[in-house]
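These are the residues of each chain, in order.
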Amino acid sequence: MITRFINKNNYKERFTQFLILVAHLALLQWILYTLYEGGVLPFKTLMLHFLGISVAGALLIRTCAYIYKRQYEKELKGQEANLEQLEN
């Protein structure tokens, strides 16, 4: 089953997806830590944690969007090249 999921053609994409998953899980762990310790942390520290979480989340979203947009554009170029070859 795993060999159908990861192969020679898509191992870079799967590795990128794995890194994105790890980044999301790290962000989730930070959120849970902040919520768990929220009653103990000083207000300023708590607000800085939430600010950091929001910045990290925004950067993660933008990075994922950039990666997948670049991948989509590569696929479009590949399809365009295939159509040109078929026409000739």
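If you're wondering where the values come from, they're calculated on a predicted model, not measured in any experiment.

1. Regarding the packing of aromatic side chains
A complete count under the given rule lists zero aromatic pairs for this structure. Arg14 extends its terminal NZ or CZ atom over the ring of Phe5, reaching a point 4.0 Å from the ring centre.

2. Examining the confidence of the model for the chain
Averaged over the chain, the pLDDT score is 90; the fraction of residues at 70 or greater is 95%. At the low end of the mean pLDDT range in the chain sits helix H1 (residues 2-5), at 71; at the high end sits helix H2 (residues 11-36), at 94.

3. Description of a nonpolar patch on the surface
Judged by side-chain polarity, Phe15, Phe18, Leu19, Leu21, Val22, Leu25, Leu28, Leu32, Leu35, Phe43, Met47 and Phe50 come together as a nonpolar surface patch covering roughly 1,200 Å² of accessible area. Of all elements in the fold, only H2 and helix H3 (43-87) reach the threshold of two or more residues within the nonpolar patch. Sort the elements by how many residues they give to the nonpolar patch and H2 lands first, with nine residues. Taking the relative accessible area as the measure of exposure, Leu35 reaches 54% and is therefore exposed.

4. Here's the deal with the packing of H2 against H3
Interhelical geometry of H2 versus H3 gives an angle of 165 degrees and a closest axis separation of 10 Å. Looking at the two axes, H2 sits roughly antiparallel to H3. Here the hand of the crossing between H2 and H3 comes out left-handed. Every residue of H3 that contacts H2 at Glu13, Thr16, Gln17, Ile20, Ala23, His24, Leu27, Trp30, Ile31, Tyr33, Thr34 and Leu35 is listed here: Leu46, His49, Phe50, Gly52, Ile53, Ala56, Gly57, Leu60, Cys64, Ile67, Tyr68 and Gln71.

5. Regarding the pattern of salt bridges
Opposite charge on two side chains lets them pair, provided their charged atoms get close. According to the stated counting rule, one finds one salt bridge in the structure shown. A salt bridge links Lys69 to Glu73, with the shortest nitrogen-to-oxygen separation between them at 3.9 Å. Remark: Glu73 and Lys69 occur in helix H3; sequence separation between them is four residues, near one turn of the helix.

Cut-offs used in this document
- Residue positions within a chain follow its written sequence, with the count starting from 1.
- This being a predicted model, a pLDDT of at least 70 is required before a residue's local features are given, and a value of 80 or more before pairs of side-chain atoms are given or counted; all residues contribute to the totals for chains, interfaces and linings.
- Remark: hydrogens and water are excluded; side-chain values derive from all non-hydrogen atoms of the structure.
- Any two of the Phe, Tyr and Trp rings considered here, Trp counted by its six-membered ring, make a pair once their centres fall within 6.5 Å; the pair's planes then place it as stacked at under 30 degrees, edge-to-face at over 60, or tilted in between.
- Charge over a ring is defined by NZ of Lys or CZ of Arg lying within 6 Å of the ring centre and within 35 degrees of the ring normal.
- One confidence number per residue, pLDDT, is output by the predictor and ranges from 0 to 100.
- Note on conventions: DSSP H or I runs of at least 4 residues are helices, E runs of at least 2 residues are strands, and numbering of each starts at the N terminus.
- Each patch is assembled from residues with relative accessible area greater than 30% and no salt bridge, linking like charges that lie within 9 Å and nonpolar side chains (Val, Leu, Ile, Met, Phe, Trp, Tyr) that lie within 5 Å.
- With residues, only the protein chains shown are counted as cover, and all accessible areas are computed by Shrake-Rupley using a 1.4 Å probe.
- What counts as a salt bridge is simple: a side-chain nitrogen of Lys or Arg found within 4 Å of a carboxyl oxygen of Asp or Glu.
- Relative accessibility decides the category of a residue: with a 1.4 Å probe and only protein chains considered, values under 20% of the type maximum give buried, values over 50% give exposed, and everything between is partly exposed.
- Only C-alpha atoms enter the line fits that serve as axes; for helices the fit covers just the stretch in contact. Angles between N-to-C directions range over 0 to 180 degrees.
- Angles below 35 degrees are treated as roughly parallel, those above 145 as roughly antiparallel, those between 65 and 115 as roughly perpendicular, and all remaining angles as oblique.
- In this scheme the crossing of two helices becomes right-handed for a clockwise turn of the near helix relative to the far one and left-handed for an anticlockwise turn of less than a right angle.
- Whether two residues are in contact is decided by their heavy atoms: any pair within 4.5 Å suffices.

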